[in-house]
Amino acid sequence: MIDVCNIHVMKPLLAEHGFHFSKAKGQNFLIAGWVPEQIAEDSGVDRTVGVLEIGPGIGPLTQQLALRAGKVCAVELDKRLEPILKLTVGEFDNLEIIWDDVLKLNVPELVKEKFGDLRPMACANLPYYITSPILTALLEAGCFEAVTVMVQKEVAQRIAAKPGTADYSAFTIFCQYYAEPQILFDVPAGCFMPQPKVTSAVITLRTRKELPWDVLDEKIFFRVVRASFAMRRKTLQNGLASGFPELGKAGAGAVIEACGLPASVRGETLDIPQFAKIANEIVRRRNQNV
Ligand code: SAM
């Protein structure tokens, strides 16, 4: 197997194919072999798993996943990588490369078509410029047991944040609504070529088999969440009044009171069950024309 993380191997390989890194495509390739090995090991991928990889690059993580998984489907946008991937991962007959933009794919359909009875997981060193849309698509797809990804450390901290902390955000709630996050380990900038400006971290999101939230209307729930964080450091009452003009300030106050929360409560201190309670109260009032 070609040691693609060894820069004395990687540099001549890239040069031979006239390959130049594209910043616009988020191309920071791993040059520390322990990283893809650790990601693949911690992801829980084994022969019973079908794994979707996003952005194989020249294949360091792809190799480690293909060594462990029942099947790997790797989606790569940059066709210039085709001759290099042929050399670095061409030997694996449990690997299929899909040359496409991951954001244009119908992920649940792809998973059904490619993985059959295998347990679906997703694993990637993500292109950072589209971290949120990719994670949104993977979690909303509702078909993965686990999603293990490398992201910027600050994004990992936001995903795993607790209520009332500076990192807690609407994206935290979106991710934790669907999954239980766990930050696994940090990866210093020196592990990549070219070096990014930030530290990275690997995070695993174990998706919830059943959503335990008792949310009556998901659209209203996520509207409540967005409204609460749109006006950070303002009261929840002001946030709700501007996110739900139909309630007005008095209506927003009444919803908060009906949920047993103090009038001065701020949205960024609430946990998911509390957001669900507020959203359900809004739905109840809407249905009763209150
Ligand atoms: N997995 C390799 C590694 O760890 O060295 C490369 C990771 S690099 C951070 C991100 C990869 O995602 C690049 O190969 C890039 O071409 C690819 N990529 C960028 N945008 C993409 C998209 N929309 N769909 C699929 N792949 C994409």
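Novice: Account for the domain arrangement of the protein, naming residues and giving values.
Specialist: A common way to express how large an interface is: the accessible area buried when the components associate. As far as domains go, the protein holds domain 1 (7–207) and domain 2 (218–288). Placing the centre of domain 1 and that of domain 2 at their C-alpha centroids yields a distance of 36 Å. Every contact between the two is made by 12 residues of domain 1 and, on the other side, 12 residues of domain 2. Among the residues of domain 1 in contact with domain 2, Y168, I173 and Y177 are the three that bury the most area, contributing 54% of the side total. Linking domain 1 to domain 2 there are zero salt bridges. Each residue belonging to the side of domain 1 that touches domain 2 can be placed in one class, and the counts come to eight nonpolar, four polar and no charged.

Novice: Quick rundown of the site of the ligand? Include the residues and the values.
Specialist: In the vicinity of the ligand lie 24 residues, with L30, G55, E76, N125 and Y129 positioned nearest. Between Q27 and the ligand, the recorded distance is 3.0 Å, taken from a side-chain N or O atom to an oxygen atom. V102 places a polar main-chain atom, nitrogen or oxygen, 3.0 Å from a nitrogen atom of the ligand. Within the complex, the protein chains bury 99% of what would otherwise be the 600 Å² of accessible surface of the ligand. Of all the cavities here, the one that holds the ligand is the largest cavity. Looking at the shell around the ligand, the elements that each hand over two or more residues are β1 (29–30) and β3 (71–76). Grouping the constituent residues of the shell around the ligand by class yields 12 nonpolar, six polar and six charged.

Novice: How would you explain the nonpolar core if you had to name every residue and give the values?
Specialist: Core analysis: the biggest nonpolar cluster contains 67 residues, and F221 and I278 have the highest contact counts within it. When residues of this core are assigned to domains, at least three map to each of domain 1 (7–207) and domain 2 (218–288). Beyond its immediate chain neighbours, meaning those up to four positions away, F221 contacts I173, Y177, V215, I272, F275, A276 and A279. Counting 39 residues, the second-largest nonpolar core is a separate cluster that includes V45, V49, A69 and F92.

Novice: Provide a residue-level description of the packing of aromatic side chains, including the pertinent values.
Specialist: Applying the stated rule across the entire model yields 15 aromatic pairs. Arranged with centres 5.1 Å apart and planes meeting at 70 degrees, the rings of Y177 and F222 form a pair that is edge-to-face. Of this pair, Y177 sits in helix α8 (residues 170–178) while F222 sits in helix α9 (residues 218–230); the two residues are 45 residues apart in sequence, bridging distant segments of the chain. Of the two residues, Y177 and F222, both sit in the buried class. Chaining the aromatic ring pairs together yields one cluster made of F171, F174, Y177, Y178, W213, F221 and F222.

Novice: Any details on empty space enclosed by the protein? Residues and values, ideally.
Specialist: One pass over the full model with this rule turns up one cavity of 30 Å³ or more. In terms of lining residues, the largest cavity is bounded by 28 residues, among which G26, G55, E76, N125 and P127 are the most central. Contributing elements (two or more residues each) for the lining of the largest cavity: β1, β2 (49–54), α3 (60–68) and β3. Class assignment for the residues of the lining of the largest cavity results in 16 nonpolar, six polar and six charged.

Novice: Break down helix α12 (residues 272–287) for me, citing the residues and quoting the values.
Specialist: The first and last C-alpha atoms of α12 sit 22 Å apart over 16 residues, in line with the 22 Å expected at 1.5 Å per residue. I272, F275, A276, I278, A279, N280, E281, I282, V283 and R285 are the residues of α12 that are buried. On its buried face, α12 is in contact with α8, α9, α10 (236–243) and α11 (248–258). The backbone nitrogen of Q274 lies 3.0 Å from a side-chain oxygen of the residue at the head of α12, namely D271. Taken from the residues just after α12, N289 is the one with a positive phi, measuring 55 degrees.

Novice: With reference to specific residues and values, describe the pattern of salt bridges.
Specialist: This structure, assessed with the given rule, holds 14 salt bridges. Notably, a salt bridge pairs R80 with D78, separated by 2.7 Å at the nearest N-O pair. Judged by relative accessible area, R80 falls into the partly exposed class, the value being 36%. If you follow the salt bridges from partner to partner, you end up with K71, E96, E113 and K114 in one network.

About the thresholds
- Residues numbered from 1 in each chain as written.
- Predicted model: local features only at pLDDT ≥ 70, side-chain atom pairs only at ≥ 80, totals over all residues.
- Heavy atoms only, no water.
- Domains from an automatic or database assignment.
- Contact = heavy atoms within 4.5 Å.
- Buried area = accessible area lost by both parts, 1.4 Å probe.
- Salt bridge = Lys/Arg side-chain N within 4 Å of Asp/Glu carboxyl O.
- Nonpolar A, V, L, I, M, F, W, Y, C, P; charged D, E, K, R; others polar.
- Near = heavy atom within 4 Å.
- Polar contact = N/O pair within 3.5 Å; in protein donor to acceptor, adjacent residues only side chain to side chain.
- Areas by Shrake-Rupley, 256 points an atom, 1.4 Å probe, with all protein chains shown as cover.
- 1 Å grid on protein atoms, 1.4 Å probe; cavity = no way out; pocket = protein on both sides within 12 Å on 5 of 7 lines; lining within 4 Å.
- Sits in = over half its atoms within 2 Å of the grid points.
- Helix = DSSP H or I, 4+ residues; strand = E, 2+ residues; numbered from the N terminus.
- Core = buried A, V, L, I, M, F, W, Y, C linked by side-chain atoms within 4.5 Å.
- Buried < 20%, exposed > 50% of the residue type's maximum accessible area, 1.4 Å probe, protein only.
- Phe/Tyr/Trp six-rings, centres within 6.5 Å; stacked < 30°, edge-to-face > 60°.
- Points joined across faces, edges and corners; volume = space filled by probe spheres on them.
- Expected span 1.5 Å × (residues − 1).

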